[in-house]
Amino acid sequence: MYGVSGTGSVPGDEMGARAARTRAVAVLRVRGRALGAALLPAAAAVILYAGGVTGRFTGAGWDAARWVTTVLALVVLLAAAAVALVVARARPAVTPTVELAETSAPDLYRMVRDLADRLGVPAPSAIALTPDCDSWLEDRTHPAHRGGPQDAHRSAEAPVLVIGSPFLWWMRVGELRAVLAPVVAGTGPAAQPDIAAARRFVQGLDAAVAAPRRAGLDPVSRLGAHGIGRVARVLLRSCRGHALEMERGVAAAGSERAQAVDYGIRIVAQEQVGLAYAGWDRLLTRVALPAWRMGRWPSRLDVGVVSALTELSRRDRLADNFATRLGERPACDLLEEPGAVDEATSLLAARLFHGGPAESGPDWSPVDWDQYPEEVVDRTWRADAARLHRVLDQLGVRAAGPGHPASSDGPTLTRVMAHLALPSGAAAPQAAATELRSAIELTSAAEPAGPALTAAVEPDEPDGLQDPAGLDEPDEPAAAHPASDALAAALTAQVAREDAAKPPAEAPGAHGAAWGDDGTDPLPLFPLQPPRTGRDLLADHVTAMVCCAAVDTAGAAPGLDWLDGPALLVGGRRNTDLTARVLALVEDGDPEPLRAWLTETGVRPEKPVRLV
């Protein structure tokens, strides 16, 4: 009976493990066929030489056949040896992680070993953390992955247990143990010789496919690497289906074996997995990303995800029961220094999701959550407002709009609103078209910043720019608000130039932080958001200008919302109705909703704001 788990059954007796072994043998059979095909010309040459020695294959024709077959066999054997050498020595991809030594998390190691004993499987050789909401086993037995003295004694069979760092801070100890049970149970099938050999073969092929991308290859070596990559790709395609089914069988075996360990708690813990993923994604995209763009990296992201999910439980009535869990022991108590671990994973998250430097520096420094409003939110608003006025200066927009007093000169909100408000009169579309043309000429005359800048300044409808009368067509999207389009194009070009001026991020190369064959993949590896459109960029800059005016003239303050990121606090409460009013100005050219909000809040748009 194969459904028994952790109660005396032998690891590998589960149905999933048997299916995985069958698929592993199929993968190894592909390797055997490839080896046989490589040896076939050599075998034919041996037969021809044997026939010549025995006198059966004599004559000029057989001599020529022997020479041709010998040459072919040598070429094929040399090519097969080159492919085998590259596959064996290629460095498999390793997930960038923060490794935990046993001295820094003795309770966590003790819990994992106890869990492995209950499951009757080998314990993982090490534990590492990743800034993601997932957990898995990773094979790091390749010699290139043994970077420290603690790895010298690592078992050749036991993989490394990789745990998502948000789990340690959000989950309780019992929930974490229940979630890790099926993962740890996978060490049993991983120790099976056929499965281990099949995994090494597939990982080697996967790494060999990337051989042509390796840096430092001369043209001849790169040509040979392309040939090896093609052969590896063919072999990988031949065994891909079997490899997928093998991994599914291993996962099924682990799940089957872990059913008798904390099964009831696991059902509840799986709900926390989904909740942690939602909170983590929200924290990265809404809170961490603005800080990364400012050259600051939040050093307590895992603590932040707890605050974000606690805020969610406060807002959502369906999540009221989640707050009661906070009284139980969190899994981060299993770490000796949770603050240091949180800081390391936070820096790694900034590196993977944004492409930041590997170490802190003058332009890349940590920021605590209590400093976030002043160090990130306020600085971001003022930097965006300064960029907005610089672009207006480049476009030749007058400091004070028509009908406004000279006191409005300078970086004022009135200047922005007067420029974006749709003018009236028959000459207005033609004037806006001329301004749009000047914006394109301005960005084209500037120093190129690469494809991003070229795409930024190219209009959606080129014919409309060549014929300004085309802007009068109501069906043209670019004609809806020409002044906004011109300013958005110029802003996008300015941001592209600033990004191009930044030094490129170096790919991670240290042990535990490498990706790909040689760690040369460009950063960020996992971009959080696609590039912002011109309209989105303009709306963000106008919102920043409004917030600066509110802070300087109405007593508002920058704040942090754990679910929505930077927030404007008016009277100590978060303002939630500013975005729609800004969009009305940016997209429709209607300043009245925003003007009414300014009057209600007490913001004076004619007053200059502090930009730095």
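Quantities reported herein were computed from a predicted structural model and do not represent experimental measurements. (Residues numbered from 1 in each chain as written. Predicted model: local features only at pLDDT ≥ 70, side-chain atom pairs only at ≥ 80, totals over all residues. Heavy atoms only, no water.)

Each helix and strand counted, the protein chain has 20 helices and 9 strands in total. Relative to its full complement of 612 residues, the protein chain shows a buried share of 47%. For the protein chain, contacts bridging at least 24 residues in sequence account for 78% of all contacts bridging at least 6. Accessible area of the protein chain: about 29,000 Å², with a carbon and sulfur share of 57%. (Helix = DSSP H or I, 4+ residues; strand = E, 2+ residues; numbered from the N terminus. Buried < 20%, exposed > 50% of the residue type's maximum accessible area, 1.4 Å probe, protein only. Contact = heavy atoms within 4.5 Å. Areas by Shrake-Rupley, 256 points an atom, 1.4 Å probe, with all protein chains shown as cover.)

Before going further, it helps to examine the sheet that holds strand β8 (residues 565–570). Strand order in the open sheet formed by 3 strands is β7-β8-β9, and the pairing between neighbours is antiparallel. Bordering the open sheet on either side are β7 (557–561) and β9 (573–574), each of which pairs with just one other strand. (Pairing = 2+ DSSP bridges.)

Quick look at empty space enclosed by the protein now. Applying the stated criterion across every chain yields a total of 2 cavities of 30 Å³ or more. By volume, the largest cavity is sized at about 40 Å³. What lines the largest cavity is Tyr109, Val112, Arg113, Ala123, Pro124 and Ile127. Ranked by residues supplied to the lining of the largest cavity, first place goes to helix α3 (residues 106–119) with 3 residues. A class-by-class count of the residues in the lining of the largest cavity yields 5 nonpolar, no polar and 1 charged. (1 Å grid on protein atoms, 1.4 Å probe; cavity = no way out; pocket = protein on both sides within 12 Å on 5 of 7 lines; lining within 4 Å. Points joined across faces, edges and corners; volume = space filled by probe spheres on them. Nonpolar A, V, L, I, M, F, W, Y, C, P; charged D, E, K, R; others polar.)

Pairs of packed helices are described in terms of their axes, by the angle between the two and the distance that separates them. At a closest axis distance of 8 Å, the pairing of helix α1 (residues 15–54) and helix α7 (residues 193–209) adopts a crossing angle of 50°. One element, α1, and the other, α7, form an angle in the oblique class. Between α1 and α7 lies a crossing of left-handed hand. In contact with Ala20, Arg21, Ala24, Val25, Val27, Leu28 and Arg31 of α1, α7 contributes Asp194, Ile195, Ala197, Ala198, Phe201 and Val202. Of the residues assigned to the contact of α1 with α7, the class counts are 10 nonpolar, no polar and 3 charged. (Axes fitted to C-alpha atoms, helices over the stretch in contact; angles between N-to-C directions. Parallel < 35°, antiparallel > 145°, perpendicular 65-115°, else oblique. Left-handed = near helix turned anticlockwise from the far one by under 90°.)

Take the layout of surface pockets next. There is about 990 Å³ of room inside the second largest pocket. Taken together, 33 residues make up the lining of the second largest pocket; nearest its centre are Leu137, Glu138, Arg199, Gln203 and Glu247. Those elements that place two or more of their residues in the lining of the second largest pocket are β3 (135–138), α5 (173–184), α7 and α8 (219–257). Per-element tally for the lining of the second largest pocket: the top contributor is α8, with 9 residues. For the lining of the second largest pocket, the class distribution of residues is 19 nonpolar, 6 polar and 8 charged.

As a packed pair, helix α10 (residues 301–315) and helix α11 (residues 338–354) sit with axes 7 Å apart at the nearest point and diverge in direction by 90°. Overall, the two elements α10 and α11 adopt an arrangement that is roughly perpendicular. Here α10 contributes Leu301, Asp302 and Val303 to the contact with α11, which in turn contributes Asp342, Thr345, Ser346 and Ala349. Of the residues contributing to the contact of α10 with α11, the split by class is 3 nonpolar, 2 polar and 2 charged.

Leu108, Leu176 and Trp292 are the most contacted members of the largest nonpolar core, which has 107 residues in total. The element best represented in this core is helix α9 (residues 263–293), accounting for 12 residues. Residues in contact with tryptophan 292, not counting those within four places in the same chain, are Leu284, Trp297, Pro298, Leu301, Ala349, Ala350, Phe353, His354, Trp364 and Leu528. Of all hydrophobic cores here, the second largest spans 22 residues; its members include Leu28, Val83, Leu205 and Ile228. (Core = buried A, V, L, I, M, F, W, Y, C linked by side-chain atoms within 4.5 Å.)

This part is about the sheet that holds strand β2 (residues 126–130). In spatial order, the strands read β1-β2-β4-β3; together these 4 strands make up an open sheet with mixed pairing. Taken across any chain shown, the strands that pair with only one partner, and hence form the sheet edges, are β1 (98–100) and β3. Between one strand axis and the next, the sheet turns by 30° as a mean value, whatever way the strands run. Relative to β2, β1 runs antiparallel, the two being bridged by 3 bridges. If you follow glutamate 99 over to β2, its bridge partner there is alanine 128. Sheet contacts for α3: β1, β2 and β4 (160–164); angle to β2, the most-contacted strand, approximately 115°.

A rise of 1.5 Å per residue sets the reference length of α7, with its 17 residues, at 24 Å; its end C-alpha atoms lie 24 Å apart and thus fit the reference within 8%. Among the 17 residues that make up α7, 12 are buried, leaving the element largely enclosed by the rest of the structure. All of the buried residues in α7 are Ile195, Ala196, Ala197, Ala198, Arg199, Phe201, Val202, Gly204, Leu205, Ala207, Ala208 and Val209. Where α7 begins, the side chain of glutamine 192 points an oxygen toward the backbone nitrogen of aspartate 194, at a separation of 2.8 Å. (Expected span 1.5 Å × (residues − 1). Polar contact = N/O pair within 3.5 Å; in protein donor to acceptor, adjacent residues only side chain to side chain.)

This next bit is on a positive patch on the surface. Taken together, Arg230, Arg233, Arg237 and Arg240 make up a surface patch of like positive charges. Along the chain, the position of arginine 233 falls in helix α8. Residue arginine 233 is classed as partly exposed on the basis of its relative accessible area, which comes to 38%. (Patch = residues over 30% accessible without salt bridge, like charges linked within 9 Å, V, L, I, M, F, W, Y side chains within 5 Å. Salt bridge = Lys/Arg side-chain N within 4 Å of Asp/Glu carboxyl O. Lys, Arg positive; Asp, Glu negative; His and termini not counted. Charge placed at Lys NZ, Arg CZ, Asp CG, Glu CD.)

On to helix α12 (residues 372–394), then. A rise of 1.5 Å per residue sets the reference length of α12, with its 23 residues, at 33 Å; its end C-alpha atoms lie 32 Å apart and thus fit the reference within 8%. Where α12 ends, the next residue or the one after it, glycine 396, has phi of about 80°, a positive value.

Attention now goes to the environment of valine 582. Mapped onto the secondary structure, valine 582 falls in helix α19 (residues 578–588). Taking relative accessible area as the criterion, valine 582 reaches 1% and is therefore assigned buried. Between the alpha carbons of valine 582 and leucine 594 there is a distance of 6.3 Å; along the sequence they are 12 residues apart. What valine 582 contacts, discounting residues up to four positions off in sequence, is Ala539, Val542 and Thr543.

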